[in-house]
Amino acid sequence: MRVKFPVMFRLLVLLPSALLTEPVRSNEVVLLDTTAVLGELGWRTYPVNGWDAITEMDEQNRPIHTFQVCQVMEPNQNNWLVSSWVWRGAAQRVFVELRFTLRDCNSIPWVAGACKETFNLLYRESDTPPNHTDQRLHPADYAKVDTIAADESFTQTDLGDRVLRLNIEVREVGPLSRRGFQLAFQDVGACIALLSVRVFYKKCPSTRRNLALFPDTVPQVAASSSLVEVPGRCVAHAEEERDAPRLYCGADGDWLVPLGRCVCSIGYEEDHGLCTACSPGSYKSFVGNIRCSKCPTNSQSGPASPVCTCEKGFYRTHSDAPSTACTRPPSAPRNLLFSMNDSSLFLEWAPPLDSGGRRDLTYVVRCWRCGAAGSCDPCGDAVQGLSSTRVAVQDFLSHGNYIFQVEALNGVSALANRRPAASNISISTEHAKPSLVGAIRREWASHTSIALSWHEVEQPPAPILDYEIKYYEKEREHQSYSSLRSQAARVIVSGLKPSTLYVFHVRARSAGGLSSFSLKAEFSTAAQSAEVVGTRGSVLVMALAAVGGFSLLVILTLFLLITGRCQWWIKSKMKSNEPRRTHYHNGHVVPFAGVKTYVDPDTYEDPTQAVHDFTKEIDPARIRIERVIGAGEFGEVCSGRLRSLGRKETAVAIKTLKGGYTERQRRDFLHEASTMGQFEHPNIIHLEGVVTKSRPVMIIVEYMQNGSLDTFLKNHEGQFTVVQLVVMLRGIAAGMAYLSEMGYVHRDLAARNILVDKGLVCKVSDFGLSRMLEDDPEGSYTSIGEKIPIRWTAPEAISYRKFSSASDAWSYGIVMWEVMSYGERPYWEMSNQDVILSIEEGYRLPAPLRCPVALHQLMLHCWQSDRNLRPHFCDMLSFLDKLIRNPSSLLTLVEDMNGLAESPGSPDYPFFISIGDWLDSIKMSQYKSNFIAAGYTTLDSVATMCIEDVRRIGVTLIGHQRRIVSSIQPLRLQLLQAQHNNFHI
Ligand code: ACK
């Protein structure tokens, strides 16, 4: 007997066709889709009165092919439904997606014995479609794929309405070797409506990665885990870097493990995955994924230029890097003066007004002696390569006429086709008056006065009446000068500007007239705040060092005190009579008795039970989705509103699980909710609840208006005070202290996984189980094939999978660095491999610009190789609280810290022996020639550079400028240490 179920049938045809169809994913190739067949399907039933084929029209007048069977009253049913022949194309393995409803036997009266709740899926391979003349069924030719049961059955509500429960099941068929196949559905007495059958295979769709193109690739099937290695072809104007680009096509049609890469050729830069020509006015002289740089000053270029050419009258030497400005020869030296004493004639001059844009200025001094007849002969060889602006001439005749010429030269003088600019002076030694004044000394200086003294020449030809002191600001040499008179060989010059360099020279007046001026001396007034600067500058340096050292000592003491207190607190808690549940080991913070402990949902035999225990089911009618705000691993992330009983609406973020998911995906998706639902803390993202009983499956969390922390900081660079940044860090530390106390290890703590609300409160988020595998864009495969965000992860976790709260502490140090540098990428563009190696070698991220010493010290503390030495989150929390309460402790910046080298907490930076060595260590080797050309030849000279200097020598990329400047600090420390230890580099 056949049971008809018209109610179900009505429900079926009322189904919107959208429910039966699924948008085709880009990595699926559909071989058969019954919802897309407009004509006859041509499927057969055996016996003919077993399965019923029903074709109805949907709301758009398209046919919906369904098959029903419901022979539940009589035992021993064997009803077959056989599909038409399907060509398998390139597939070696296909997926069959079935949408069906299945009525549960309890809902049908009087069928107790015969009714079944499953059916069988089978297939038969053949090279050609079946012969039309032989339409008999040969069950033995079919291989069974699986017995299919319903997840959800067809039920009846209290009101007697039937509620449709649509089941979607996907099965894998293969490996296939013949050209095609047929599917068969064997019913053994169930009440089934088969609504759609979709057969597809997966391919890795053609893609572009790392500037290489990869073609459509069908996964191999031999072993479902095997990967197909696919070589990539570089896009136009790109070339292979070290290793040829490769991708692996995984069995699920996903591209995996990108290896090697292409990089843009000289003259081209990366733009949205392609290499585009550098625009006129810019250039790129290296192969690599660096941006084109603006042409340096006084140069120009056309499109796709490897280098910019110098404008007329400007030049570059062979050793000048393409990034350096084009320069020209200097103008003439200025103010060539002489003075004399008994034995020497001194020449002195001021540097040229225009150095030509270079720092490699030198001078050549030539001398001619002229006879009475006016003819002049060279006095000897020219003195070449002088870098100072004064020379002493000995061996001159006391009754002679001389012409001296001083030429200014720089690195490009030889390239310019013209004589170097020069200044000349004619001197008659017979009439020249010697200077009666010896070297000028500074006695002391305040911010407005300088006291000077000088020696008189012993036995002057005539008694000295007084002295004239001439002085001017060094920077205003040509604009004005002042003069004073003094009868003694000393003077106090007052009314000067603070922190200003002055030039002084003195001449004597005797009965014989005015002597020539003494040599110039340069002295500076003190800064406004200083009282009187003693003649020994070292006193000042020592005082400053003492102040710096003291503040560091205060910071360290604070830290140790807090740490001590926190440990004491832990110990006193541990002394309690209550039994402890876990113990203190491996750098893991102890969950105490009475403190809630995190339960891993994976320890539940039935994961839905964990969802039930830790989350709240929300009625979807209370949720209003407003807009999509991002894409998660499992589906879209939306913002919306949640209406609560008795409360007004709250803003929420809604994570959705996209349709067509597998059971495993659903479990992984809800794993995050089961984890999050166990936490209740103001710095942990709050779970409102889940929707699991209807589709789409959703996780509802509180809405964080400012989104993820890394993007937020990048968008607000430089807009917060240090205290505001520390308050954000404090929030994250509070959340992490809570998690570690619960015994939860996050494993992916990074600014991108912190969310920020409208009041700038930071909350830890992302508790996804699968993030280690797929979700995190920073995840990279380790040698053992695990995906780990290398830059944020502690070395022991990378090497031995030792994840603990101590490895979270390492990541927290990286988050601190991200926050203090406003979202800069940790280790910049260094490759993951280089990051691992340099960490092993002891390199640690230098302090970001304007980073307080206390914070960089804390970062370094988090990055100790021995994880047992890293601070606990509760220690860090108290430390940050103290800093916030004493903002003055944040005033000492790393760049200002001179005394650090001597302090016990000084960081263990590597030791450099040359500029090249140092630039190599920070991966900035390409700028070696810029430093040399600009005259920076020693580490000492580099240690004084500021960001302006770095820019001036031709480092145009802001990221590189910052990296260089922040790496100068270890150099300063090294030099201070070297001074302290009395050795020279
Ligand atoms: O950086 P965003 O704006 O912040 O973009 C990502 C995106 O969704 C994908 O994860 C944002 N997002 C995630 N959770 C929330 C939330 N609870 N509140 C606001 N935005 C969120 C995240």
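Preceding this paragraph is the structure being described.
Small disclaimer: the values here were computed from a predicted structure and weren't measured.

**Let's talk about the nonpolar core**
Counting 82 residues, the largest nonpolar core has Leu709, Ile732 and Tyr812 as its most contacted members. Dropping the residues within four chain positions of it, Leu709 is found in contact with Met728, Ile732, Ala751, Ile754, Val756, Cys762 and Val819. Trp43, Val94, Val173 and Phe185 belong to the second largest nonpolar core, which has 29 residues in total.

**Topic: the pairing of strand β20 (residues 246-249)**
Note that strand β17 (residues 228-231) and β20 share four bridges and pair antiparallel. Bridging from a neighbouring strand, Glu229 pairs with Tyr248 of β20. Where β20 and strand β21 (residues 255-259) come together, three bridges link them in antiparallel fashion. Residue pairing across strands places Tyr248 opposite Leu256, the latter belonging to β21. Between β20 and β21, which pair antiparallel in sequence order, lie five residues; one of them, Gly253, sits at a positive phi of approximately 80°.

**Here we look at the sheet that holds strand β41 (residues 490-493)**
Taken in spatial order, the three strands line up as β37-β38-β41 in an open sheet, and their pairing is antiparallel. Every interior strand has two partners, whereas the edge strands, β37 (437-445) and β41, have only one. Sheet twist, expressed as the average angle between the axes of neighbouring strands with direction ignored, equals 20°. As defined by bridge partners, β37 adjoins strand β38 (residues 450-456) across six bridges and the pair is classed as antiparallel. Note on β38: the bridge partner recorded for Arg442 is Leu452.

**Considerations on the site of the ligand**
What surrounds the ligand is a group of 14 residues, the closest being Ile629, Ala653, Glu702, Met704 and Ser708. Between the ligand and Met704, the relevant distance is 2.8 Å, taken from a nitrogen atom to a main-chain nitrogen or oxygen of the residue. At 2.5 Å, a side-chain N or O of Ser708 approaches an oxygen atom of the ligand. Relative to its unbound accessible area of 450 Å², the ligand is 74% covered by the protein chains. Broken down by secondary-structure element, the contributors of at least two residues to the shell around the ligand are β45 (623-631) and β49 (698-702). Take the shell around the ligand: its biggest share by element is three residues, from β45. Of the residues in the shell around the ligand, the class split is nine nonpolar, four polar and one charged.

**Details of the sheet that holds strand β18 (residues 233-234)**
In a beta sheet, neighbouring strands are held together by backbone hydrogen bonds and run either parallel or antiparallel to one another. Taken in spatial order, the three strands line up as β15-β16-β18 in an open sheet, and their pairing is antiparallel. Whereas interior strands pair on both sides, the edge strands pair on one side only; in this sheet they are β15 (207-209) and β18. As paired elements, β15 and strand β16 (residues 212-214) share three bridges and run antiparallel to each other. By the bridge assignment for β16, Arg209 is matched with Ala212.

**What about the pairing of strand β39 (residues 464-473)?**
With eight of ten residues buried, β39 is to be regarded as a mostly interior element. As defined by bridge partners, β39 adjoins strand β42 (residues 501-510) across nine bridges and the pair is classed as antiparallel. The residue bridging Lys470 from the neighbouring strand is His505, located in β42. As paired elements, β39 and strand β40 (residues 482-486) share five bridges and run antiparallel to each other. Pairing of Ile469 across the sheet is with Leu484, part of β40.

**As for the pattern of salt bridges**
Applying the stated rule across the entire model yields 35 salt bridges. For Lys763, the salt bridge identified is with Glu702, shortest N-O distance 3.1 Å. Highlighted residues: Lys763 in strand β51 (residues 762-764) and Glu702 in strand β49, separated in sequence by 61 residues. Each member of the pair, Lys763 together with Glu702, is buried.

**Considerations on the state of the cysteines**
A complete count under the given rule lists ten disulfides for this structure. Between the sulfur of Cys70 and that of Cys191 lies a disulfide, 1.9 Å long from S to S. Where Cys70 bonds to Cys191 through sulfur, the torsion about that S-S bond is close to -95°, and the disulfide is left-handed. One end of the pair, Cys70, is in strand β4 (residues 63-70); the other, Cys191, is in strand β14 (residues 191-202), with 121 residues separating them in the sequence. Among the residues examined, Cys191 registers a relative accessible area of 0% and is labelled buried. Here Cys370 pairs with Cys376 through a disulfide, and the sulfurs are 2.1 Å apart. The S-S bond linking Cys370 to Cys376 shows a torsion near 105°; that makes this disulfide right-handed. Its relative accessible area of 15% is what places Cys370 among the buried residues. Relative accessible area serves as the criterion here: at 30%, Cys376 is assigned to the partly exposed category.

Thresholds, definitions, all that
- Residues numbered from 1 in each chain as written.
- Predicted model: local features only at pLDDT ≥ 70, side-chain atom pairs only at ≥ 80, totals over all residues.
- Heavy atoms only, no water.
- Core = buried A, V, L, I, M, F, W, Y, C linked by side-chain atoms within 4.5 Å.
- Buried < 20%, exposed > 50% of the residue type's maximum accessible area, 1.4 Å probe, protein only.
- Contact = heavy atoms within 4.5 Å.
- Pairing = 2+ DSSP bridges.
- Helix = DSSP H or I, 4+ residues; strand = E, 2+ residues; numbered from the N terminus.
- Axes fitted to C-alpha atoms, helices over the stretch in contact; angles between N-to-C directions.
- Near = heavy atom within 4 Å.
- Polar contact = N/O pair within 3.5 Å; in protein donor to acceptor, adjacent residues only side chain to side chain.
- Areas by Shrake-Rupley, 256 points an atom, 1.4 Å probe, with all protein chains shown as cover.
- Nonpolar A, V, L, I, M, F, W, Y, C, P; charged D, E, K, R; others polar.
- Salt bridge = Lys/Arg side-chain N within 4 Å of Asp/Glu carboxyl O.
- Disulfide = S-S within 2.5 Å.

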